[in-house]
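# Structure at a glance
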Amino acid sequence: MDSYEQLLTHFNIDKASFLEWGISSIIFPPVDKVALKWKDLKNRIFYNEQVYIRGYGRDAHGTDLYIKLYEKLFDNSKVKKDPTNNAVPHRLIQQLTGLERNKHLYNYQVSHIWGHTKNIFLFEAPWNICYMPKVMDPFTGHETKGMLQKKFQELFLLKASELYKPFIDEYNDLLIMLKIKEQLSEYINSLDNSISENKRMQFAKDAERELSPIVCEKYL
């Protein structure tokens, strides 16, 4: 028994129409502005300018592992944790869309489309954020299960992939060109006894997932 499907049935709401409305109500940043902000982000990463990521671990105590990783990978000593874990994406999407929550929009929230919020490229990537209606947010995460959630997730990622495919391809190419997987492995091995074996293994697993390519199902 699925409570969401029961709700739709009770109020005689067609599932396909509900999903269609959900997708159409998402606010994605326009591609032309995304291109400019994406270029700016890459420049900041590669030219040792300030870049933000979300905190890692309980009370963000493990964030320094990522900060030191990016200093090694990109010679960037100015990577910082977002003060609230959401302040920078909120400011960014306001700039991209001209819309502000609780002023122009109500009951919307800023969502990372593909996650990867500890990833130096993807936390601030303008093509990885959108305004999501709060009523649809449960269908984008792991909290909600069922066929309705699965179908919405597929439609959501397909729409985002169609909009932002050139940026996704470029990001994936960067991972290969910069040999991120190999460099991550070297960094993890260099940690030695600086952290416990359990923490090192967990970080290795988490970082590999964070720095993985984005797969667009339609283009496989």
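For the structure, see preceding data.
Residues numbered from 1 in each chain as written. Predicted model: local features only at pLDDT ≥ 70, side-chain atom pairs only at ≥ 80, totals over all residues. Heavy atoms only, no water.

## So, the overall build of the protein chain
As a reminder, the rule being used: Put simply, DSSP H or I for four residues or longer makes a helix, DSSP E for two residues or longer makes a strand, and each gets a number counted from the N terminus. Between the two quantities, the radius of gyration covers C-alpha atoms and the globule rule is 2.2 Å times the number of residues to the power 0.38. Per-residue accessibility, obtained with a 1.4 Å probe over protein chains only, is compared with the maximum for each type, and a residue is labelled buried under 20%, exposed over 50%, and partly exposed between these values.
For the protein chain, the count of helices and strands is eight helices and four strands. Listed N to C, the secondary structure of the protein chain is α-α-α-β-α-β-α-β-β-α-α-α in terms of helices and strands. For 220 residues, the compact-globule estimate of 2.2 N^0.38 gives 17 Å, and the C-alpha radius of gyration of the protein chain, at 19 Å, lies within 12% of that figure. If one aligns the C-alpha atoms of the protein chain with their principal axes, the spans along those axes are about 60 × 40 × 35 Å. Counting all 220 residues of the protein chain, 46% fall into the buried class.

## Points about the pattern of salt bridges
What counts is decided by this rule: We define a salt bridge as a side-chain nitrogen of Lys or Arg found within 4 Å of a carboxyl oxygen belonging to Asp or Glu.
Scanning the entire structure with this criterion turns up ten salt bridges. Note that Arg44 and Glu124 form a salt bridge whose closest N and O atoms lie 3.0 Å from each other. Pair noted here: Arg44 is in helix H3 (residues 31-46) and Glu124 is in the loop between strand S3 (108-112) and strand S4 (129-133), with a separation of 80 residues, a long-range link. For Arg44, a relative accessible area of 15% gives the class buried. Glu124 sits in the buried class, given a relative accessible area of 8%. Taken together, the shared-partner salt bridges in this structure form one network comprising Asp40, Arg44 and Glu124.

## Details of the packing of helix H7 (residues 180-190) against helix H8 (residues 197-210)
Spelled out, the test is: Only C-alpha atoms enter the line fits that serve as axes; for helices the fit covers just the stretch in contact. Angles between N-to-C directions range over 0 to 180 degrees. When describing relative orientation, an angle under 35 degrees is termed roughly parallel and one over 145 degrees roughly antiparallel, while 65 to 115 degrees is termed roughly perpendicular and anything else oblique. The handedness criterion is simple: a crossing whose near helix is rotated anticlockwise from the far helix by less than a right angle is left-handed, and one whose near helix is rotated clockwise is right-handed. Contacts are residue-level and defined by heavy atoms, with any inter-residue pair within 4.5 Å sufficient. Amino acids outside the nonpolar list (Ala, Val, Leu, Ile, Met, Phe, Trp, Tyr, Cys, Pro) and the charged list (Asp, Glu, Lys, Arg) are all regarded as polar, and Gly is one of them.
Contact geometry for H7 and H8: axes closest at 11 Å, N-to-C directions at 165°. By the criterion of interaxial angle, the relationship of H7 to H8 is roughly antiparallel. Crossing of H7 against H8: the hand is right-handed. For the pair H7 and H8, contact is made by Lys181, Leu184, Tyr187, Ile188 and Asn189 and by Arg200, Phe203, Ala204, Ala207 and Glu208, respectively. Its residues assigned to classes, the contact of H7 with H8 shows six nonpolar, one polar and three charged.

## A short note on the nonpolar core
Put simply, the rule is: Here, the term nonpolar core denotes a set of buried Ala, Val, Leu, Ile, Met, Phe, Trp, Tyr and Cys residues that are joined through side-chain atoms within 4.5 Å.
Ranked by internal contacts, the top residues of the largest apolar core, which has 53 residues, are Tyr70, Phe121, Trp127 and Phe203. Contributions of two or more residues to this core are made by helix H2 (15-24), H3, strand S1 (51-53), helix H4 (63-74), S4, helix H6 (147-177), H7 and H8. No other element matches H6, which puts ten residues into this core. Leave out the neighbours within four places in its chain, and Trp127 touches Val34, Trp38, Ile113, Trp114, Leu122, Tyr164, Phe167, Ile168, Tyr171 and Ile214. Listed in part, the nine residues of the second largest apolar core include Leu92, Tyr108, Ile129 and Tyr131.

## Thoughts on the side chain of Lys42
Its location among the elements puts Lys42 in helix H3. Classification of Lys42 as buried rests on a relative accessible area of 15%. Here Lys42 is in contact with Glu170 and Leu174, once residues within four sequence places are set aside.

## Let's talk about unusual backbone geometry
In this model, Ala60 sits at a positive phi of 60°, which is unusual for a non-glycine residue. Secondary-structure assignment places Ala60 in the loop between S1 and H4. Of note in this structure, Asp75 is not a glycine but carries a positive phi near 55°. Position of Asp75 relative to the elements: it lies in the loop between H4 and strand S2 (79-81).

## Concerning the packing of H3 against H6
At a minimum axis distance of 10 Å, the contact between H3 and H6 shows a crossing angle of 15°. Considering the angle they form, H3 stands roughly parallel to H6. Considering the relative orientation of H3 and H6, their crossing is right-handed. Residues Val31, Val34, Ala35, Trp38, Lys42 and Phe46 of H3 form the contact with H6, whose participating residues are Leu163, Tyr164, Phe167, Glu170, Tyr171 and Leu174. Each residue belonging to the contact of H3 with H6 can be placed in one class, and the counts come to ten nonpolar, no polar and two charged.

## As for the environment of Ile168
Structurally, Ile168 is set in helix H6. Residue Ile168 is classed as buried on the basis of its relative accessible area, which comes to 0%. Residues Ile168 and Cys216 lie 48 residues apart in sequence; the distance between their C-alpha atoms is 8.5 Å.

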